[in-house]
Every structure is written in C-alpha cells, then in structure tokens.
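Structure at a glance
In case you want the letters, here they are:
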Amino acid sequence: MTTLRWNRILRLAATTGFVSMGALPAVHTLAAPAKAEAAAADGRQVIAELRREIARHDALYFRQSSPEISDTDYDDLKRQLADYEARFPEASRAVAPLPALGDDRTGLFQTHRHRDPMMSLEKAYSEKDLHTFHTRLMKQLHDDNLVYVVEPKFDGLAVSLTYENGRLVRAVTRGNGIEGEDITANALQIQNLPRSLTCDAGDGGEVHPVPQLVELRGEIYVPLAEFRRVNAEREAAGERLFANPRNLAAGTIRQVGSREVSRRGLQVVFFGLGACEPAAALPATQRAFYRRLTAWGVPGVPQLWLACGQNELIAAIDAVARARPGFEFPIDGAVAKLDSLSRQREMGAGESAPRWAVAYKFAPERAETRLRAITLQVGRTGVLTPVAELDPVQLGGTTVSRATLHNADEIARKDLRVGDFVQVERAGDVIPAVVGVNLQRRTPDVQPFIFPTRCPECDQPVAHNRGEAALRCANPGCSAQLRRRIEHFASKACVDIKGLGPAMIDALVAGGRIKELPDLYRLRGDDVAAALGRTGGKSVDRLLAAIEASKRAELWRVIYGLGIPQVGASGARELARRFGSLESLAAGTENAAGFSPGRIESETGTHAAGETARPGSTSTSAILAAARYFADPKHRALAADLIAAGLQPLMSVAEGAKAALAGKTVVLTGTLPTLT
C-alpha cells in the first residue's frame, strides 16, 4: 500500500471516531445525529478503500505470488475492515463486497470444478480467539471435553488431488473455492506425489481400502533447505530473491511448461478430505484419516498433537511453536480440528471456512533496531538495490545487520529514514526484512532518503525505465555491473569456474585485466598471479584449468550465463534445444521467432526468471527475449568475441536427444496410468 493511500484511509478513519495513528480498532461514541450521519458516510468510504486495498493485495498474493506486505500486515487490514463493518453495517452493505475467498486463478491453465468446495480456515491470533472458537463448538455440541488434533500449518500453495480407483487423474489449485486451475502436468514433477494409492494394511493388520473416488487436500511447498539453495543461486546470479518459500512454491508450480518444476525440490503434504465415494469409505476420526493416508502411501503431516478441552488445545499449539525450529518445512502457525468426523459434519461450514477447524497464526518474530544507513548495490543489469544497514540485532537465533529494501518505492511506502528505529522481521523464517518504522521514536533530524541521480560506482546517469520500479545505471561499462556479470557467468548455475570468487573478480577488474567478459578467456598466469598478489603456483594453475574447462560447458549454461533479460535457466534450455549453438542463437533468433524488431518490445514478457510466466509457451517467451537482446549489435559482437576467445559450448546428451526429436510427431498406443 502506498503511503499516500494509507494516509487517506487514516484521515477518513479519524472522521469516524477511530484512532488516527497505527491500527484502527478503537471506536469513540458519536455525539449528534448529524455527526453520526457524516461519520457513516465516511465509514462507507473507509470500508470501500479497505476493500479495494485488500482486493489488490489478494491479487498480488494469490495470482502473482508477489505480495507487497507481510501476512501480519495483511491480517491487520482484514481485522480493521471487520471492525468497520461491525460499526457501520448499513454502510458495509452499500459497498461492493469482497469475495469470500482469495482467488488464485491466473488464466494460464484450464480450470476445473471441485466436487466439494475447497475452503479456507478461520484465523486465530490469541488465546482469546481460541477461547471463542472452543466455546462456540462446546455450546453447539453440548460437550465440555471436545477432542482436537493439532498439526503444523504448512505455508505453501493449496492443492486438491483427485484419485479414481486409486489412480491420480487431476491436480487442481484452490482457485476461488468452487473451481481452480488444472496443474496436473506440473504436479506430476513433484517427487513425493503418489501417482496411485496403495492398499497396505495399517497398524495391527487393519485394512484401508481405496475409495472409488477421493479428493485429497493439501499443500505444495518448498523445503527450507531447497528455498535457501534456490535463493543462494539467484543471489549469485544477481537476480531478485524470493521473499519466502510460499512465493517460490506458487511461482514454480505455475510455470507454463513442467521442466523447471522438476528442477526445484517441491514437495506435497496432505491433511484434508474433499469428496469421497462411497461415503462408507470415510474413517470415523481425523486421526484415522491420517493413518489411512499412510497406508495409501500418501505423505501426511509428520507430527500430530492430541488435545482434550481448551487448556490442552492451547498447550498443543504452544508445543507446535516450540517444535517449529526443528521442522525442515515452512510453517506459519498451527491448525486445530475436531477429531470426530461426525462432529465435523454436525458443525458444518460457513461461507468460506469450516466451523470445526481454526488456524492459529504465529506472530512473526520481530526486533527493533536503528537504521544506520541505506547503501546501494549495483547488479549485473545495472539495477540499483537499496540495502538497510542496521545496528546488529538478534532475530530468530541469528544476528541481523543488513536487510534488503527492494527499491525506491518500497522505501517511500514505508517512509524509511536514516536514523529511524525500524522493526525487522525474518520473512519466511529466512530473509530479514524491514517491515515498519517506530514513528514515536523518530527524531527531528532524520531525513528522507534521496535516491542518487548518478551511479554510486561509475558516476554515470541513472535511468528509470518505463513500467519498472527499479532504477538502473545506464552505463554498460560500469565496473560494478561487469563484476556482477562475471560472477553470474562463472557461478555454479552457469559455466561453473571453481576458484573465481568475488575477491578474485574484484582484483582482476580493478587491475584492468578484465574489461569485458571475453577477457576472462584471455587471462594468463601472470594476470592471475598479480591479482593474487603473489607469483604463480598451484592456485593459479587450478584457476586457469577451471577457466579452460568452462570453454566446453553445456550450451544452456552459457546462454544462461549471458544474463539475457527475462531468460532464466528454463528459458536457456529451451533456446539451447531450439538453436543448437551460440552462433545460431545470436544470428537466427529474430527470424526463428517470426517477429519483427518493432514487435519484439511489445510481445516480450516482463516476468522474472522463476516467477509466474505470461500466457504462451516458455519457448516463445525465451525466443522473443533473446531476439530483443541480440537485436543490439553489441550483444552479437559479445557472442562472436566469446567464440573467438575459445568458448565452444556443448549440447548435453539429454538436450541433444530432445533436439533430435524436435518438430517430430510421436504417436503412443495403449494407456497412460495417470492420464485420461
């Protein structure tokens, strides 16, 4: 939310009697009827503003996997809206309502209707909320000792898998709860997703027959170790990091084309049930359902807690919170469900959530510290990324002293000023993020941060491209850009030159021994020795040998290493299969794509590598992006110079086999077990 928009909501809130700073929960009694009438009109406007803002954040979160605010801030918006709706019910009915559920349909996939609606969960944030939940169930079911199962709340993308006669036939996202997007082809790339259900005996020889039809509900997620690995590669490549594992999982599973999905370690876990035929196949309790999942060979939640009554419910949720650091998967809370399925059916469901379950959201760990400075990093494409330099503070068991600020808009939205006391949160339990400012501790001497108009590295002008939030150094010869380009090209994800780390690259560039990328392949022993500050030796020989070996790197790795805008690893593989050599790629991209230079700009997508793609094939998007890149004579000259310097990339055996099949029609006879 922009600072301007939020300030407008605060001003409107003040006219209705709400506190005008921070959150807006407190209501003051209105005096005269005229004042009440005016407050109601303003209340209607605040409700409209909040609903529009929440709808915008829903689209960013559910459809684009690119939220601008934290879950906590989003939940605060929802609570503020609920407060206003309760205070001004007539005004609330006069404003277009929000959908009951967020809608994750992107338009990139075919849609499919769920047999049973796929709902969300009621949220709880305090022991008081848990007391309200338990009391409501206790009164309706006339039982003081209700039994619950409590489990970790996975933070991923909700999915429903349909099995018919034990065989997987479809994987569908939640969508709007009624219908979602069919992601079956991509889901089949998830290694722990069962293609069929087994019928093994459970503990004690209990038999768990497979239903004729069953919808299993769960989450697609990225293990924390895989999240760290992907972000480490992206950081080395100068690419924008994923803010949390949920964004990575959602962005990956929505790739148009399943190849990239298979290269990231997505996992799936199941904990819910949709339609089931025959109904007699349903177990009696939630615990029995989990045992059935195990017998069917389906990955379920790894640990459960049993609770009887309110006190044990609260204790079980505390136990999940204590166990959280030991989990290798992302969670953001705990889920409590009535154990009895018959009592679940008796409680039923509301408009958007079942009445028999609640999701307790853990408060993110935050710390307050001083913002000492804002520094700028220049990436390989010239993007200037602001970084918060903080007084060191303990957070999540580690010392945090730096946090990314993304771009100038982010600084303005949060109104961050050097010298402020800021709240820092570990987003997704991994990446530190500045989430707010303590305005009560702001002193008069702090000043807004002004982005420079010239690059801090080369002192050349900074450009702001249309449609981008980022500012860029417009000088392609900027030494910072050159260093980052070499780091990316030499990284493990690209040509993998072992021993060529940031310090060595800095020394080679600073000493003038590398002025452009092809100079890497012209280095001699004395160049490397001078950068090391000593005479030749084994370290020099090893580095030169690694550079020599990289001349025969796989073609797709070389293409990825060039850093073509909007071409990630998946797109690079597509280009390697399509063109077969660097020469053909540089010379023939535009003609092969069938696009004129004038159309390249308008047709090429703007999504970042690893994020949700535009409609259309990955191959077409990559060709268009490469066409725009090689339309610049400097880039064609770069490719030619790399080849002249000895670069001879190879097609891998697998990629060569795929290229050999390109354009051919393959006919299959018989049946495929997971497809209709």
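Residues numbered from 1 in each chain as written. Predicted model: local features only at pLDDT ≥ 70, side-chain atom pairs only at ≥ 80, totals over all residues. Heavy atoms only, no water.

1. A closer look at the overall build of the chain
Applied cut-off: Only DSSP runs of H or I reaching four residues or more are called helices, and only runs of E reaching two or more are called strands; each is numbered from the N terminus. Exposure classes here rest on a 1.4 Å probe applied to the protein chains alone. A residue is buried below 20% of its type maximum, exposed above 50%, and partly exposed in between. Note on contacts: a residue pair qualifies if any of its non-hydrogen atoms lie within 4.5 Å across the two residues. Note on areas: these come from Shrake-Rupley sampling with a 1.4 Å probe, and a residue is covered only by the protein chains present in the view.
Helix and strand counts for the chain come out as 24 helices and 20 strands. When burial is assessed residue by residue, the chain has 49% of its 676 residues classed as buried. Once local pairs closer than 6 in sequence are excluded, the contacts in the chain between residues at least 24 apart make up 70%. Roughly 31,200 Å² of accessible area belongs to the chain as shown, and the carbon and sulfur atoms make up 51% of that amount.

2. Here's the deal with the packing of aromatic side chains
Put simply, the rule is: Aromatic contacts are taken between Phe, Tyr and Trp rings whose centres are within 6.5 Å, Trp giving its six-membered ring; a plane angle under 30 degrees counts as stacked, one over 60 as edge-to-face, and the others as tilted. Over a ring means this: the NZ of a Lys or the CZ of an Arg is within 6 Å of the ring centre and within 35 degrees of the ring normal.
If you walk through the whole model with that rule in mind, you get eleven aromatic pairs. For the pair Phe154 and Phe329, a centre-to-centre distance of 4.3 Å together with 15° between the ring planes defines the contact as stacked. Here the residue Phe154 occupies a position in strand β3 (residues 147–154), and Phe329 occupies one in the loop between α11 (309–323) and β10 (331–338), the gap between them amounting to 175 residues. Residues Phe154 and Phe329 agree in their burial class; the two are buried. Chaining the aromatic ring pairs together yields one cluster made of Phe154, Tyr221, Phe327 and Phe329. Stacked on the ring of Phe421, the Lys or Arg Arg441 has its end atom at 3.5 Å from the ring centre. One Lys or Arg, Arg573, reaches over the ring of Trp556 and ends 3.7 Å from the middle of that ring.

3. A closer look at the packing of helix α16 (residues 525–532) against helix α17 (residues 538–550)
For any two helices packed against each other, the geometry comes down to the angle between their axes and how far apart the axes lie. Filter applied, for reference: Axes here mean lines fitted to C-alpha atoms, for a helix over just the part in contact, with angles spanning 0 to 180 degrees between N-to-C directions. For classification purposes, an angle smaller than 35 degrees is called roughly parallel, one larger than 145 roughly antiparallel, one from 65 to 115 roughly perpendicular, and anything else oblique. Two helices cross in a left-handed way if the nearer one is turned anticlockwise from the farther one by less than a right angle. They cross in a right-handed way if the turn is clockwise. Residues were grouped as follows: Ala, Val, Leu, Ile, Met, Phe, Trp, Tyr, Cys and Pro as nonpolar; Asp, Glu, Lys and Arg as charged; and all remaining residues, including Gly, as polar.
In the contact formed by α16 and α17, the axes pass within 10 Å of each other and the chain directions differ by 125°. Here α16 is positioned oblique relative to α17, judged by the angle of their axes. Relative to α17, the crossing made by α16 is right-handed. Where α16 abuts α17, its residues Gly525, Val528, Ala529 and Leu532 lie against Ser539, Val540, Leu543 and Leu544. Of the residues in the contact of α16 with α17, the class split is six nonpolar, two polar and no charged.

4. Some thoughts on the nonpolar core
The condition is simple: Only buried residues count toward a nonpolar core. Its members are Ala, Val, Leu, Ile, Met, Phe, Trp, Tyr and Cys residues joined through side-chain atoms within 4.5 Å.
Core analysis: the largest hydrophobic core is formed by 71 residues, its most contacted members being Val150 and Leu216. The element best represented in this core is α11, accounting for six residues. Discounting residues that sit within four places of it in the chain, Leu216 has contacts with Val159, Ser160, Leu161, Tyr163, Phe270, Gly272, Leu273, Phe289, Leu293, Trp296 and Val298.

5. Describing the sheet that holds β3
Applicable threshold: Criterion used throughout: strands pair if DSSP finds at least two bridges between them.
With mixed pairing, the five strands of this open sheet are ordered in space as β2-β11-β10-β3-β9. Pairing within the sheet leaves two strands with one partner each, and these edge strands are β2 (122–124) and β9 (305–308). Neighbour-to-neighbour, the strand axes of the sheet open up by a mean angle of 30°, direction not taken into account.

6. Brief notes about the confidence of the model for the chain
Note the threshold: pLDDT measures how confident the predictor is about each residue, on a scale from 0 to 100.
For the chain, mean pLDDT is 82; residues scoring 70 or higher make up 82% of the total. Per-residue pLDDT, averaged within each element of the chain, yields its smallest value for helix α21 (residues 597–603) (44) and its largest for β3 (97). Every residue in residues 14–33 is under pLDDT 50, and counting partners more than four places away or in other chains gives 42 contacts. Considering only residues more than four positions removed or in separate chains, one finds that residues 592–617, a stretch of pLDDT under 50, has 59 contacts.

7. Comments concerning unusual backbone geometry
Here the residue pair Glu277 and Pro278 is connected by a cis peptide bond, since its omega of 0° sits within 30 degrees of zero. Within the fold, Pro278 resides in the loop between β8 (267–277) and α10 (286–296). At Asp459, a residue that is not glycine, the phi angle is positive and equals roughly 65°. As for its position among the elements, Asp459 is in the loop between β18 (447–448) and β19 (462–463).

8. Details of the packing of helix α5 (residues 127–141) against α11
Where α5 meets α11, the axes come as close as 10 Å, and the angle between the chain directions of the two elements is 135°. Taken together, the axis directions place α5 and α11 in an arrangement best described as oblique. As α5 runs across α11, the sense of the crossing is right-handed. Contacts between α5 and α11 involve Glu127, Leu130, His131 and His134 on the former and, on the latter, Gly309, Gln310, Ile314 and Ile317. Counted by class, the contact of α5 with α11 contains three nonpolar, four polar and one charged residues.

9. Examining the pairing of strand β12 (residues 366–378)
Sheet topology places β12 next to strand β13 (residues 384–395); seven bridges connect them, and they run antiparallel. Paired with Ala373 across the bridge in β13 is Glu389. Following β12, the chain reverses through five residues before pairing antiparallel with β13; Gly382 in that reversal takes a positive phi of roughly 90°.

10. As for the sheet that holds strand β5 (residues 167–173)
Across the sheet, four strands lie side by side as β5-β4-β7-β8; this open sheet has antiparallel pairing. The open sheet is flanked by β5 and β8, the only strands paired with a single partner. Within this sheet the neighbouring strands show an average axis-to-axis angle of 25°, counted without direction. Sheet analysis places strand β4 (residues 157–164) next to β5, joined by six bridges and oriented antiparallel. Counted as the bridge partner of Leu161 is Ala171 from β5. Each of β7 (213–221) and β8 is contacted by α10, which is oriented at about 110° to β8, the strand it contacts most.

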